[in-house]
Structures are given as C-alpha cells and as structure tokens.
Amino acid sequence: MPFPLMAAASLAALAGNLDCENNTANVVDEDDEKKKKKETKSTNNVRFDEANRINNRRDMGGASSPIRETSLRSFNSSEDNYESSSMFNIITKDGSVHLRRSVRKESNVDPGGKSYCKATPTPQGYIDGSFSSGVTHEIRPGAGCFVLRYSLALLAIGTMDGLELYETRNYTKVFHIPTHDEVSAIQWLQPNMDMGGNDDDDKSSSFPTYLPSQQLLAFGCLDGHCFVYLVDSELLEVEGSVSLLYSCRMDGQVRTVDCCCFCQDGGGTCGGGGSTNTKTSSDPTIVVAFGDKSGRVILISFDYRSLQQLDTVECEHNEAAVLGLSIHQENGWIARCTKHGHVAVYQLQREPPTKISLSISSTVPATAVHFGKCLWETTREGPILAVTFSPNGTHLAVGGYDKTVALIDTSVWATFRKFQMTGTVNVIAMDPFNRYIAVGCRDRSLTLFDSSTHMKIKAFQTSGWVSDISWWKPNVVDLRHGGQDIVAFRSNRHLVSILNLQPIELTNIHLSSRHGLDTALTWSADGRMLIRSHGATVFVVDVDQNFQQVAYATFEAIVIDVIFCKTDDMHDRVAVVDESGNVTLLRLLSEATPTSNGRKTLLLQKEATVMVETGVRTMAWSPDGSIIALGGKHRLLHLMDSSSLARAHESIKLEGRLWDIVFCPSDSIDDEDVYMILALGDYTCIALNKSFEVVLRFLRPSTARCLAIHPRNHDLLVVGDGAGTVAVVNTKAAEVIHEIKAGGGRINALDFSPVGDYLVVGTDDGHFNMYLEGLYQFAQQIPCKGFAICARFSPDGAHLALGSAGGSYAIVRLGPFLGIDLVPLNVPRGNAGLPDWALAEVLYRSGYSESFLQRHIQAGHSDNIRRLSSILKEYPTAVFAFDRSNNETFFDTALRIRRPMILKLAITVLVDGTLEKRVDSSILKTRLPQQARDALVDLIVNMMNPQLVTEILSSVIFVKVPYGQVRSVRHAGTFEKSSPSTADPWGSSLKDNKQDLLRMLLGFSTESDQHEKNLTPAVLPLPGLGNMEFLSALLWKANPDAFDNAAMGVVLRVLWTDHIRIIFYLDFFLCLCFYGCWVALIESNVRIGSWGDSSYKPAKGLAVAVFLLNTVFGVKEMVEARFGRRSSYFRNFWNFADIVSLVFVYAFVAYELLPPTNSENILVPLAVATTFALTIKVISYLRGFVGTGWLISVLSANFTDVRGFMFILFAILVGFAVAFRVLFSQVNEDGFGSLRRSLLSTFELVTTGTYEPSMLYEAEWNVLGALTFVLAVTCVLVIALNALISILADSYARVQENAVANRRREQAGLIVEYMTLLPVKSRMRLEEKTRWFHCLLEVDSDGTLLLGKQDWQGGLNALRKDLEELSNESREQNQKGLLMMKNELYAELSSFRKETLTLLASLSAEMKELKKGQSRGGITLNGRNVVNAVNAVRSIGEKTAKLITKENT
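Since the model is a prediction, treat every value here as computed from it, not as a measurement.

1. Considering the overall build of the protein
Across its full length, the protein holds 29 helices and 66 strands. Taken over 1449 residues, the protein has a buried fraction of 54%. For the protein, the share of sequence-separated contacts (at least 6 apart) that also reach a separation of at least 24 residues comes to 60%. Per element, the accessible surface of the protein, about 64100 Å² overall, is 54% carbon and sulfur.

Right under this line is the structure:
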C-alpha cells in the first residue's frame, strides 16, 4: 500500500475513536450550538432550493443529535432498487430544449440466456433516443440532492442523508457516506494530476507517488460539519479505500468548498506562470477552503507527502454568509462571494497569519496557508451565489440575484462581458478545456455560452432549479471523441441528468455495400446492433465494438429489404426478403460461452423461409410483431404470420405498384382507426384499418415513394414523392399541412428520429437532409456517393445510418449540437431554411472543424464572398469562432487563402468599429488586431491591390480603450499619443500635451477652449501602423490615397511630432550648413577668378569642410540604402538626387584640391551641375514642413505630367529651328548662324515673341519667312503654351484633391528615411513605443464616441465619396426591393399551384370513380357531348400533370 494510503488508514482509525463533537480543531459547546441554531431559524438568509423542507427535517431532531461515527458501506443494488426516469425533449421556436420525463423500469439481465435481447446490457445512448436533449443518463438519488461534483472516475452527489458515489460508465451507485444533514458543498482534488504527476527523471524528488485513482474528497453539510476523505476509485470494494483524513464543525451551515495544491517560492505561487512543475524549492501544500453561512472562511492545510493535517486557519469573518469560493491553483488566487453582494479576490500566502488560528498547537507553522493581500473587490446588487475562475485564470465569472453573469478580466480586474439571464444565477461552471461556460438559473434552465465568442449557443429547459453543474475532465485527452463533453447537472430535487454535448458528426466509419439501389439497413430495438445488406448477404455489426462485424447470413439472391422486429420479447427477430421473392425469418442469438475478451459470439439462425412473389420492394412488421406485410410491383399486399410465415390474410389487390408500407406504431388502435398506410404507384396513398379496408385515400402530384409516421404524434404522416417534395399530412383531418422541397430528383428515404424532433430525407441529388420538427426548417445536410437510398435512426438516438447507391454505408454520430460542417454554405434563412437560433449556434460555436465563416473563405467563390459580407454585417461576432482542432482563427484562414476580397472583408469588420458596437468586450484583448495587421501587410506587399488597401484604411476608426476613464477637459486641442500597450497612456493627468499647456500659459486660449468636454481614451484597432515595414509597403505599393484618412493622419503626426521631428531638424541644419559652405566655396573661386588654385587658403579650407560634410551625408545615404541591399531606396527620386550630388561634390573637391592642367574647363560645368544637384537636395528637405510640403507635391506632379508635352515641344522647336536657319541665316548670322544658335533663337522667338522686324523684310524669302514665323508663334506661344497651362491646371487640381494624401505621403517618406538611419535596437524600441496610437475623443452622455472628420480632403474628393455612398445605398435598396417582389411573386405562384393541384386531384378522383362505375355497368355514357367532355377533361388532366412534373424536375 502506498505511503499516503497507509497514513490515511491510520488517520481513519484515529478518527474512528474520536467523536466529531469533541474535535479539538473546533470545540463548540452543545448548548451554545442549540441556541445558535434557534437564532438561525429566525434570521433572514439565502436559502437553498426547498429550504423549508430542510428546516422541517432539522426540526425533527436531525440537527440537535450529535453526528454519528463515520462508517462506510458498499452499495447493494439488490437493496436499493428504484425506478429511473427517462427524458424526451421538445425544441421550441427559440431553440431551447425542454426536458420532459417518462418513467421506465430497469430490466434485469439474464446472463445465462441465449437470446440476444436478454443477454445484452443496455447500450450507451440517449434517454428515449432524444439526442437533441443530450441526456444520456438520469440518476435519482435515494434522497433529495442539491450539489454534485465529478472526479476522474466518480460522480459524487450530496443528498439529504449523506454523500453518494457513482461510477461514471453506467452511473451505478458504489458507495454511500452517511451524514446527519444534507450535503451542501462538494469538491475533489487529485494531487497526482493537479501537481503535474511524478517526474521519473527527478530521482531526488521527495514527493510521494500517488496512484492515478487516489483523490481527495472534501464536502460540508448544513449542520456545519466539514469532512476530508481520501478515496481510491479503483478499490472501492476494499476496506480502507475510503479513509477519513479530517473533520471539524463550523458555526453555520457550510455553503461552499474548494481545494488546490499550493506551493510558494519567495512570495510567488507554484506555477504562477502557468507551470505546474514539481521541482520547486518548497514543498506544496494541499489547501481545502470551507465557507459557511456565518461569514467564516477557514483554510485547512495538509502536508503533500504524508497528508497529515498541518493547520486550520480562519482567514475571513464577515457579517454576510459566504456563498461561493473558487481557487485558481496556478496563480494562487482565491475568490469569495457573499450574501450582501460582495466579491473579493485574495492572494494565498504561506507566511504566518495575523488573524485567529484554530490550530491544535499554540504556534502557527510556517507552512500554514492563509489569505494575503486583496487583489480586487467589488459590490453588486443582491446576493452573489456563484463565483468561478476560468481554467487558464484569465477570467473570473460572477453571478447571482441580479440575473447577470459578469466576466472579469483578471489582468486588469475589470468587467469585459455580461450575460443577461432570465432568472437568478445559481451556478456557473467553466469547461475544463475552456470551451464552454455553463450557467444554471432558477428559471429552470441550463444555458451554454461559447468561450471564444461569448455568445449563447444552447439552452436546456429543465423541470426544476439547476442548483449545481459539474464538467467531467477525463484522464485521457481526446477532445474529439473522448467524452470530454460530458456535464452533469441537478435538474430538480430528485433528479441528476448527464449531458453529452457532442455535435452531429459524420464519422470515418464506412461500411461496404453493393453498388446500386439495393441497399437496406435496420437497427435493433436497443440501438446496439445494426444489420446491413451487401448483395446476397446481411451483416450484423456491433456498435460497442466500433461497428465491427459480429455475424452474417447468406441468401440465394440479392437482399432487397431487412427489418428488425421492435416488439417486446421479439427484439431478436429479423425478417429478410430477397430479389427472388423469398422471405426469411432470422433470430439473432448469442453463445453461452464467452470468448477470451469476455464478449459472447453472436450468430444469425434461420427460423423459416417462404416464397411469396418476385419483385417485392418493401416490407414491414406490425406493431405487435404478429404480421409481416410486404409487396411490390405485382400490385399485391401480402400479410404473413411472423411465427410460421404462413399467410395471415389473403392477398389484397392494389391499384398500383406498392412502394412503401408503414404501420401505425400505437398499441391501442380501434377497428376503424388507421392501422397501416401504403404508398402506391398511381400517385395515391391509402390507409387501411385493422380489417384491411380503405379508410382514407389522398393523392400526390407524383408517385409516392416512401412514408414515415411521427413516433409520438401518430396522426402525422410524411410522404416523399418522385418530384422531390415531402408532404406532411394530418391523417385525421386528411389534409396536407406542410410541404418541403427537399431538392432535385426523387425522394428515396424518410425517417423520423426516435422522439420525432428531426426528419431525415434522402434524395437523388446525393444528399441526406435533416429537418427540424414543426415548421420543418432545414438543419443539416450530409453528402453521400450516388443516390441517397436509405436512412435509419438508431432507437437510442446515438447514431444515424445512411445507405447510398455509391457502394457504402455511412454512420453519423448524433448529439445536441448541430454539425457546423454539415450546414451547407448556401443554406437559406427564414421559414424555408435554418432558424435564427440554429444559425446563431452554427456561427458562434467553435468546434473541432472549420467555423462557418472559415468554410466560406475556403470556398472562395463570388457567391460565398457575398454571403460572407452579409453575415459579417449582421453577425460580426462570428469572426471570433475558430477551428479548435488546429487553433486556426478566421484571420489565419484568410491569410492562408490570400484572396484580396476576403482579406478586405476580414480586416474591415475589425477596424470599422462594428465589433465594438456589438460586443461588450474589447477586441483589443484578443490577438485579432495583430492578425488583421499581418493580413493588411500581406495584402499590400504580395497582392498589390491599392484600391482595397485604401478602402480598408479609410474605414479604420478609433475604438475605446478597455476600461478607460472619462475625464473632463476645459482647454481645446488634440490629445494624441503612442504607447506599447492598449492601456490609457495619459493616466490621471494630461501634462504630456505640451502644445495645449503652452497655449494656456501664453494666454492664447479662446472661449471655446474654456468649454468643458468629456474625453475618453481611444486607440486605433490595428497595432504597428508606425512600423517601418508597414510604412515602406504603403509608400512603394499603395496609392497616395492610402494616406488620406484619419488613422494614418494620427500615425504620421505622432511619429513626426514625438520622435522624428527633432532628427529632421538636426539633419536640415546640417544640410543648410553644407549648402552654405558650398556656396562660399564657389564664391571664393569666382572672386579670385582662378578655378582650382590650391594656394588660396580660404578656398582650400572650405573645400575640406565641404568634403567632410559630404562624407557625413554619404554615410547617411549608405546606411539608408543598407549598403545597396535595399532595392526600394533607388526607386525614390530624392534618393537618386542625393547620390548624384554626392558624386558631383566628391568630383569637384578632388579637382579643387588636386587640380590637373586646364582644370577650369572641367570645374566650371561641374560646379554648375553640382549646384543644381545640391539645390534639389535642399528642396527635398522642404517636404518636412507643412507650408511647403504640399508645394513640393504640386511641383513633382507638374514635372511628371508635362513629360510628354516637353517631348512634343522639343520636336516642334527643332523643326522650326531648322526652318529658321534656312530662311534667316544670311540676314541674321548671330542668331541663326549655326544649328545651336538657331535652337536658342527659335526658343526665345516662339516663347517670348522677341524678334527683329528687319529680319523678316531683309530675308530673301521674306513671305515664306513671315508665314513660318506666324505659324511658329501660333503653334508654340498660343496653342502649345496654353495647352501647357491647362495641363498644369489639371495637375494642380488633382494634387489639390489629394493634397492631404500627398503631403502625408511625403512626410511618410521622410519618416521611413530617418527610421532606417536608426540602429536596429533603437528602431525596435521606437516601434515598440509606437505599437498603439491613442487619442482623447469626445463622448456623449452614454459614453459613445463622437467621431468626425478632422482633415479636409479636397472638395472633389469629398463629393466623390458622398456620391459613392449614396450610389451604394441606392443599389442596396433596389436589390432588397427586387428580392421582396421576387418572394411575393413566388408565394403567389406557390399558392396558385397548390390550389390547381388540389382541384386536379379532386377531379381525377371523381373521374376514377366514374370509370369504376362505368366498368360495373352502373353508368353508361351514351351522349356524344358527354363523351367528348370526359375525354377533354382527361386530356387536360394528363397535360397538366406532365407540366407540373416537368416544372418540379
């Protein structure tokens, strides 16, 4: 026996000799205890469910008698037989599931029998087959219960007379710990698991070796007694497997308990960073906390090695009752809530406490754990009944009488989300894998919220208060199929329900079948066995053995149909009909001797075989199992006795081919009631009574191929026809109450779920569709290979078996959640499609497959993008749903797919404020902003779609900083800042805004400045907008319009003002010094009149200064270009000008200091070129000033726009220069003596109009010269130059339209230029400081941001955007109007079609009656007009039927 178990046994023996009333840990006088209990009865306190009944029981003497010595007894099932209730459900319009009870009695197992139905235990399915309710088991404790808690292998339920332990496979009671009063609080702790297990590599570890099955069980009672037991779940039948470690008695009723393994090193808790490593310098301590009604909280410490009690410390004593405790082990936090609405969170500490110690010893050991400092506290309205930490410690959930559940962000201790409930919140339970939040309320509901979207996804209505909820955390982690979705809850005083919250899922199980239409399936009555046909063989598969084959039988021909009998005592009977018309009766038996693995071998035994007729298509058992009905293409209904396969009734002649047979499942049927219904090939369905007489007949517009009767409402029949329509018929009223258009092709399969809340339909289009009962709205679509032929729900509701013509059977695992991947992307909404509650479940639940939005992204078609845009507008919170199997989010999928429009939709919904308006919590606390920023960079760099980038950045707005405080400010101004986090960077003061303070000090404040404004901190929702990588991508890959938005305006202003401007001023000052030295150098050379004279000392000194400054700028350019590795550097004109100026300066200085012969011929043109280059360099710096930056943009645009014009003008000048040289070279040799002179003179003549009149008269060809002169002046001076003015005007207008964008683009270029000059570490620090950009914005009285345009973007630009918005709105309204008209027209056409079909059906029925009468001789049509009329009506009916069939197909 392990050491902890031996220690526990010794403690148990010691505890057995001590009376609990005399426990020295809590010595209470018995008379005083009685007085306190009398006072307690008169006080007004928070009571448990049915508190009056508890008090009555206590008044009968239970509370005054001393607690008896703890004794344990094994549960004997033969002593405590009881009836367990089963449950079925009704799904309401809002999607909530109402649980209803129906009593069933457990049947005894006969292990010695050979019959399968007597030798097999009850399978693990849903109660009454109601998989939508999710209830797999129900436990009815021997006495009333209120609390429960799961461990790894046990479920503990607190009852009025003790604690009951149930194993978690079949939920059989295995132990009972008696108490005097009701158990009111339970908690488990497994030290081995909670401390990370044993480390085999750590040989020096002193921690004990706990068995996986050993757990601590702590519970408290309403009489104040507290107990701590050590339980070995695998050895419950062995004496000593349940040992008492500790017991004491508190002053009031014990209301709550929690426990953990706590260790602390130097003030930090064990695994405070998320680690639970056992290799700590200090040993862990097991801590158990109890809270009672008198306001006391005690912490009981146990040694982790020996489980010896170390100390009991009273840490809190409040006037209000403590109603809830929650401990988060990794962080060492304990949360407490009280009756007065007070919630507080404390840090557990191991230092000696300062309050009263209840330890046996007089001194408190150093290992005692007690409350440390208070981390957070608040007071809410009304008592708080529930408080719990999330498994990862990031959230704290609080709920109570205020009917809300508040989620607290533990990083800042502020509320970030609230769930409004309809009743008092009794309990909140977090899924141990952090997937769901379960809330139990007094409105008799259990509500589930998804932890990723924080939206309601499911509601279960129960028969009583949900007072406690417990999730099962199994030892083996398989989140897809490991039972991790099991949750237990107390649904009323005498009922505990077990839910299996798995979704509907298509499994990987595929069973082979014959290709074609001959496929058949049938389930056994308990849902454990499935029989399938495969050609001429039927196979039996066992569900418990993962659908492995366990038996088979072979026949002479292909099997057409196979059916299990569902009648009691005949569950092992199977009827089979083959293609040859042979009907065979089989019996499924089990061998008496089990195999080596304990399982019994099954076999199919043939009881009888009879030949009926060929061409049999369908077969059915009667409800009592006495008759087997079958028929087919020979238009005969055969009724066979099931015991001998003899004919029970003569064959009944039918009017058409028999397609399907269904019996009314009711046991009590009158002679005139509907007994069976047949689908015939003449478009009719007939209902027969017990005498096999026709009592009802109704027609369909196409062949009725399959039937199904509702399992609970037997008057409800569904009929599937050959036109793809399913009709819901009320057989009592003989009317069609609903029609379902199931798809293209014929309806081949119909089946109701065991409780009738789902209908599955198989069609020729290769899909099985599932519809919800009621309005029969679409729910799920399951694809298959080929035609969908047969579908069968298992009676226990655990599975759905599907057969197709593609050669395989598929198995669908059923559950209360809809399968996200089984909802088609084009599913309609409204009455014909998915209901709103189901759509919300599909959109907001994060499952182990792609979310609904991710599936749209994967499809990527234009229709999917339109639907995705529509969903994001209406359900923006759905972007938080993700794929839990690989943790891929919506943005991860968008980045992986990399389609521009999808990225645009994904980013826009995040940055345009939609999520902030719809969600209480801030998106800034998630990783979505970083993902959106990465997607934006990918869109800019790799996809190069400038227009989408501009649209995204234009939609970016500020969102409120999480938990930011509104402050009142009197002076005006813009408060903008950057910070490394989303937290409020201003704090409690605004002293950092030097601009506004300077305005106040200098007295420039106006009357508007004195107006008080309410400002709140806001932040741009995208991080890293000031990152050099992002700005560079915008500069070189996006349009200038990308900077024309408020977001980039804030980014550039903050970067420039707070970080870059000082560097720019220093650089500009050096540039001015450089330019001044250059001018002085040139002036000195011109003054002395000798270029390159090195003897002139001032010129030499200036040349050295110019050389040094040029070297400084050369180093700057090299760093900026990353030594030539930065390709984008050379695409900038200003950088190119800097390189040219550097080369020219070095060349000039070289010639100046080391002048060669005739250096003047080189230095003069070099000086001119260098001067121009340096002038351009100085002009480039003017981009950094507001007054000149836009002018630089105008000039740049002008030079760009006139490039083509200059080529044309030069060609014109060359042409006229040659002509003028020919005409005027002899009379004006100075102006036109050479081609060079002619070019200059022509330029002067045609641009300024300056000329000598004598030149025109003295020329030899004076008339031709005059005409040429007029033509040149007209072409250039009048036409070309006016065209140039128009071009420049248009260029200016265009630049003015985007003036803000162009100015910011130039500023962004300077910012990127200076960021590249910074060292890598300095740049990284700068980027970290500017990760988030903040602004103080005005808010209204409700706290809503008042956003407005702060920058003028040009009149034409603003007008264009307004027109685009109006155009988009008008387009959307037109589309909505057209859609409404289309729906109305479709509804009218459908109504007309139904009326026409009804009229034709009545007319056809009358004609058939007339024809029958005529054939009997009762009616003679002698008149010619009558015969013509009859023929005309018959012709009209045939043509109309053909048209309707054509329309349906």
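2. Concerning a positive patch on the surface
On the surface, Arg617, Lys633, Arg635, Lys653 and Arg657 cluster together to form a positively charged patch. Counting through the fold element by element, Lys653 comes out in strand 46 (residues 647–653).

3. Some remarks on the nonpolar core
The biggest cluster of nonpolar side chains holds 164 residues, and the ones touching the most others in it are Phe1030 and Leu1034. Broken down by element, the residue count for this core peaks at 17 residues, all from helix 16 (residues 1046–1088). Not counting the four nearest positions on each side in its chain, Phe1030 is found in contact with Arg933, Leu936, Val937, Ile940, Leu953, Gly1024, Leu1025 and Met1048. Of all hydrophobic cores here, the second largest spans 23 residues; its members include Leu216, Cys261, Ile286 and Phe302.

4. Some words on the environment of Ala143
Relative to the helices and strands, Ala143 resides in the loop between strand 4 (135–139) and strand 5 (145–150). A relative accessible area of 13% means that Ala143 is categorised as buried. For the pair Ala143 and Leu495, spaced 352 residues apart in the sequence, the C-alpha separation amounts to 9.9 Å. Excluding residues that lie within four positions of it along the chain, Ala143 makes contacts with Thr159, Met160, Asp161 and His494.

5. Looking at the packing of helix 7 (residues 852–859) against helix 9 (residues 890–897)
Following both chains from N to C, one finds helix 7 and helix 9 inclined at 5°, their axes separated by 9 Å at the closest point. By the angle between their directions, the pair helix 7 and helix 9 is classed as roughly parallel. Here Leu853, Gln854, Ile857 and Gln858 of helix 7 lie close against helix 9, whose contacting residues are Phe890, Thr893, Ala894, Arg896 and Ile897.

6. What about the pattern of salt bridges?
As enumerated under the stated definition, the model contains 32 salt bridges in all. When the shortest N-O distance is used, the salt bridge between Asp450 and Arg884 registers 3.6 Å. Within this pair, whereas Asp450 is found in strand 29 (residues 445–450), its partner Arg884 is found in the loop between helix 8 (862–874) and helix 9, the two being separated by 434 residues in sequence. Given a relative accessible area of 0%, Asp450 falls into the buried group. Residue Arg697 pairs with Glu655 through a salt bridge whose shortest N-O separation is 3.2 Å. With a gap of 42 residues between them, Arg697 in strand 50 (residues 694–699) and Glu655 in the loop between strand 46 and strand 47 (658–663) connect regions that are remote in the sequence. According to the relative accessible area criterion, Arg697 is partly exposed, its value standing at 37%. Through salt bridges with shared partners, one network takes in Asp1067, Lys1116, Arg1183, Glu1306 and Glu1313.

7. Here's the deal with the sheet that holds strand 11 (residues 225–232)
Taken in spatial order, the four strands make up an open sheet running 9-10-11-12, and their pairing is antiparallel. Pairing within the sheet leaves two strands with one partner each, and these edge strands are strand 9 (183–189) and strand 12 (242–249). In this sheet, neighbouring strand axes are inclined to one another by 15° on average, regardless of whether the strands run parallel or antiparallel. As paired strands, strand 9 and strand 10 (residues 214–221) are joined by six bridges and run antiparallel to one another. Following the sheet pairing, Ile186 is matched in strand 10 by Phe219.

8. Describing the packing of aromatic side chains
In the structure shown here, the tally under the stated rule is 37 aromatic pairs. Taking the centre distance of 6.4 Å and the plane angle of 35° together, the rings of Tyr150 and Trp472 count as tilted. A residue pair is termed long-range when its members are at least 10 positions apart, and Tyr150 in strand 5 and Trp472 in the loop between strand 31 (469–471) and strand 32 (486–492) qualify at 322 residues. Accessibility classification places Tyr150 together with Trp472 in one group, the buried group. Seen in terms of ring centroids, Phe1074 and Phe1113 are 5.5 Å apart; in terms of plane orientation they differ by 20°. Their pairing is stacked.

9. Topic: helix 18 (residues 1133–1153)
Relative to the 30 Å expected for 21 residues at 1.5 Å per residue, helix 18 spans 30 Å between its end C-alpha atoms, a close match to the ideal helical length. Buried within helix 18 we find Trp1134, Asn1135, Ala1137, Asp1138, Ser1141, Leu1142, Val1145, Phe1148, Val1149 and Glu1152. Around the axis of helix 18, the buried residues are gathered within 150° of arc, so they sit on the same side.

10. Focus: the confidence of the model for the protein
Across the protein, pLDDT averages 78, with 76% of residues at or above 70. Every residue in residues 266–281 is under pLDDT 50, and counting partners more than four places away or in other chains gives 35 contacts. pLDDT under 50 marks residues 991–1009. Its contacts with residues more than four places away, or in other chains, come to 20 contacts.

11. Re unusual backbone geometry
At Arg444, a residue that is not glycine, the phi angle is positive and equals roughly 65°. Note on placement: Arg444 falls in the loop between strand 28 (436–441) and strand 29.

12. Description of the sheet that holds strand 32
Here we have four strands laid out as an open sheet, ordered 4-33-32-31, and antiparallel in their pairing. Edge positions in the sheet fall to strand 4 and strand 31, since each of these pairs with one other strand and no more. Adjacent strand axes in the sheet meet at a mean angle of 20° when their direction is disregarded. By the bridge criterion, six bridges tie strand 32 to strand 33 (residues 495–500) in an arrangement that is antiparallel. Paired with Val487 across the strands is Leu499, a residue of strand 33.

13. With respect to the side chain of Arg845
If you trace the backbone, Arg845 turns up in the loop between helix 6 (836–844) and helix 7. Nearest to the buried, unbridged Arg845 among oppositely charged side chains is Glu841, at 4.6 Å. Polar side-chain contacts of Arg845 include one of 3.0 Å to the backbone oxygen of Leu818. With near-sequence residues (within four places) excluded, Arg845 lies in contact with Tyr436, Asp450, Ile457, Pro503, Phe817, Leu818, Ile820 and Ala881.

14. Description of the environment of Pro824
Within the secondary structure layout, Pro824 lies in the loop between strand 61 (808–813) and helix 6. We classify Pro824 as buried; its relative accessible area is 11%. Along the backbone, Pro824 and Gln780 are 44 residues apart, and their C-alpha atoms lie at a distance of 7.5 Å. If we skip the residues at most four places from it in the chain, Pro824 touches Phe778, Gln781, Phe852 and Arg855.

15. Looking at the pairing of strand 23 (residues 384–389)
Burial analysis of strand 23 places six of its six residues in the buried class, the great majority of the element. Relative to strand 24 (residues 395–400), strand 23 is paired through five bridges, and the arrangement is antiparallel. Bridge assignment links Val387 to a residue of strand 24, and that residue is Val398.

16. Concerning the pairing of strand 37 (residues 537–542)
Burial of strand 37 is extensive: six of the six residues sit out of reach of the surface. In strand 37, alternate side chains face the same way, and those of Thr537, Phe539 and Val541 on one face and Val538, Val540 and Asp542 on the other are all buried. Sheet topology places strand 36 (residues 529–534) next to strand 37; six bridges connect them, and they run antiparallel. Each bridged residue has a counterpart across the sheet, and for Met529 the counterpart in strand 37 is Asp542. Joining the antiparallel neighbours strand 36 and strand 37 is a turn of two residues, in which Gly535 adopts a positive phi near 65°. Taken together, the six bridges between strand 37 and strand 38 (residues 548–554) define a ladder with antiparallel strand orientation. The residue bridging Val538 from the neighbouring strand is Ala553, located in strand 38.

What counts and how
- Residues numbered from 1 in each chain as written.
- Predicted model: local features only at pLDDT ≥ 70, side-chain atom pairs only at ≥ 80, totals over all residues.
- Heavy atoms only, no water.
- Helix = DSSP H or I, 4+ residues; strand = E, 2+ residues; numbered from the N terminus.
- Buried < 20%, exposed > 50% of the residue type's maximum accessible area, 1.4 Å probe, protein only.
- Contact = heavy atoms within 4.5 Å.
- Areas by Shrake-Rupley, 256 points an atom, 1.4 Å probe, with all protein chains shown as cover.
- Patch = residues over 30% accessible without salt bridge, like charges linked within 9 Å, V, L, I, M, F, W, Y side chains within 5 Å.
- Salt bridge = Lys/Arg side-chain N within 4 Å of Asp/Glu carboxyl O.
- Lys, Arg positive; Asp, Glu negative; His and termini not counted.
- Charge placed at Lys NZ, Arg CZ, Asp CG, Glu CD.
- Core = buried A, V, L, I, M, F, W, Y, C linked by side-chain atoms within 4.5 Å.
- Axes fitted to C-alpha atoms, helices over the stretch in contact; angles between N-to-C directions.
- Parallel < 35°, antiparallel > 145°, perpendicular 65-115°, else oblique.
- Pairing = 2+ DSSP bridges.
- Phe/Tyr/Trp six-rings, centres within 6.5 Å; stacked < 30°, edge-to-face > 60°.
- Expected span 1.5 Å × (residues − 1).
- Arc of directions from axis to C-beta.
- pLDDT = per-residue confidence, 0-100.
- Polar contact = N/O pair within 3.5 Å; in protein donor to acceptor, adjacent residues only side chain to side chain.

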